[in-house]
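# Observations on the three-dimensional arrangement
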Amino acid sequence: MTHSMEILSRGAAEMGLELTARQMDQFGTYHAELANWNQRVNLTAITGHREVQVKHFLDSLTVLLAYPAGMPSTARLVDVGAGAGFPSLPLKLLYPDLRVSLVESTGKKTQFLEHLIGVLGLSGVEVWKGRAEELAHRPELREGFDLVLSRGVARTPVLLEYTLPYSRLGGRAVFLKHGGIDGELAASARALEVLGGRLGGVHPVRAAGLEDNRVVVVVEKVRPTP
């Protein structure tokens, strides 16, 4: 028996999303596994029932602000510095046909991700253990993704170096950040130029419980990364 995901359900409804009973159950299982593993492996500082629903699950769904007309349900996406699977796996639960690659350098976290994928019965998800900047040179990953995600990994200029090599031409990188990042964005101009990106927009998050100045930064891939 999993915990109620009522807070998640309400928050998703505010975003115009309706979760099925199966999805609610999968999110409940995700939370239970996260809390259980976190007793042995340092996955996250946030494990409380309400906090996980808001600051992990709902926060992950704010990626959809990058797609005002709706996210392509069969997109190929990579999560750079995937940690415990945020933001990519909540999106996968919402859109089961997404093809997801999880890039994570910490072995215990990749073990959790592989365990979770099995428990949730997910297909079309693969885990890559290694450093993002090294894996980006692999031909099966290089410039192969419609969407590159990252949450809380580094400052924007560094994130661009980690993420844009994975994005296909015409794809996009999406970063979940806290506001007050004008300086970061200004400092990113050179990296954008060199790496083939263009700032596509900064979307403020207005979801209940996430009123702490969160923003979704969208970068469009307009030229190949050298």
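Check the entry above for the structure.
Source: prediction; values computed, not measured. (Residues numbered from 1 in each chain as written. Predicted model: local features only at pLDDT ≥ 70, side-chain atom pairs only at ≥ 80, totals over all residues. Heavy atoms only, no water.)

## Some remarks on the layout of surface pockets
Estimates place the volume of the largest pocket at around 450 Å³. Every residue lining the largest pocket is counted, 24 residues in all, and those nearest its centre are H56, D59, F86, R151 and G152. Elements with a contribution of two residues or more to the lining of the largest pocket: helix 3 (49-61), strand 5 (167-178) and strand 7 (214-221). (1 Å grid on protein atoms, 1.4 Å probe; cavity = no way out; pocket = protein on both sides within 12 Å on 5 of 7 lines; lining within 4 Å. Points joined across faces, edges and corners; volume = space filled by probe spheres on them. Helix = DSSP H or I, 4+ residues; strand = E, 2+ residues; numbered from the N terminus.)

## A short note on the pattern of salt bridges
On inspection of all chains with the given rule, the structure shows twelve salt bridges. Residue K221 pairs with E143 through a salt bridge whose shortest N-O separation is 2.9 Å. One end of the pair, K221, is in strand 7; the other, E143, is in the loop between helix 6 (132-135) and strand 4 (145-151), and 78 residues separate them in sequence. For E143, a relative accessible area of 27% translates into the label partly exposed. Across the pair E193 and R223 runs a salt bridge whose closest N-O atoms are separated by 4.0 Å. (Salt bridge = Lys/Arg side-chain N within 4 Å of Asp/Glu carboxyl O. Buried < 20%, exposed > 50% of the residue type's maximum accessible area, 1.4 Å probe, protein only.)

## Brief notes about the pairing of strand 3 (residues 125-129)
As judged from the five bridges shared by strand 2 (residues 99-104) and strand 3, these two strands associate in the parallel manner. Of the residues in strand 3, the one forming a bridge with E104 is K129. With helix 5 (residues 107-120) bridging strand 2 and its parallel neighbour strand 3, the resulting β-α-β unit is right-handed. (Pairing = 2+ DSSP bridges. Right-handed = clockwise from strand over helix to strand, strands pointing away.)

## Let's talk about unusual backbone geometry
Put simply, F86 and P87 share a cis peptide bond, and its omega is 5 degrees. Its location among the elements puts P87 in the loop between strand 1 (76-80) and helix 4 (88-94). Positive phi values are uncommon outside glycine, yet E143 reaches one of about 50 degrees. You will see that N213, though not glycine, has its phi angle at about 65 degrees, which is positive. Tracing the backbone through its elements, the reader meets N213 in the loop between strand 6 (197-204) and strand 7.

## Digging into the nonpolar core
Generally speaking, soluble globular proteins have nonpolar side chains that are buried together. In this structure, Y30, M71, L102 and F112 are the most contacted members of the largest nonpolar core, which totals 52 residues. Setting aside chain neighbours within four positions, we find F112 in contact with Y30, E33, L34, W37, L43 and A84. Counting residues in each nonpolar core, the second largest holds 24 residues, with V78, V103, L159 and V215 among its members. (Core = buried A, V, L, I, M, F, W, Y, C linked by side-chain atoms within 4.5 Å. Contact = heavy atoms within 4.5 Å.)

## Structural notes on helix 2 (residues 21-38)
Taking 1.5 Å per residue, 18 residues should reach 26 Å; helix 2 reaches 26 Å between its end C-alpha atoms and fits that length. Those residues of helix 2 lying buried are Q23, M24, Q26, F27, G28, T29, Y30, H31, E33, L34, W37 and N38. Residues of helix 2 that are buried make contact with helix 1 (6-14), helix 3, helix 4 and helix 5. (Expected span 1.5 Å × (residues − 1).)

## Comments concerning the sheet that holds strand 4
Judged by pairing direction, the sheet is mixed, and its seven strands sit side by side in the order 3-2-1-4-5-7-6 without closing on themselves. Looking at strand neighbours, the two that pair on one side only are strand 3 and strand 6, the edges of this open sheet. This sheet shows a mean twist of 20 degrees between the axes of neighbouring strands, independent of strand direction. Along the sheet, helix 3 makes contact with strand 4, strand 5 and strand 7, crossing strand 4 at roughly 150 degrees. Set on the sheet, helix 7 (residues 156-163) makes contact with strand 1, strand 4, strand 5 and strand 7; between it and strand 5 the angle comes to about 145 degrees. (Axes fitted to C-alpha atoms, helices over the stretch in contact; angles between N-to-C directions.)

## A word on the side chain of Q26
Relative to the assigned elements, Q26 resides in helix 2. When residues no more than four places from it in sequence are discounted, the contact partners of Q26 are L93, L120 and L122.

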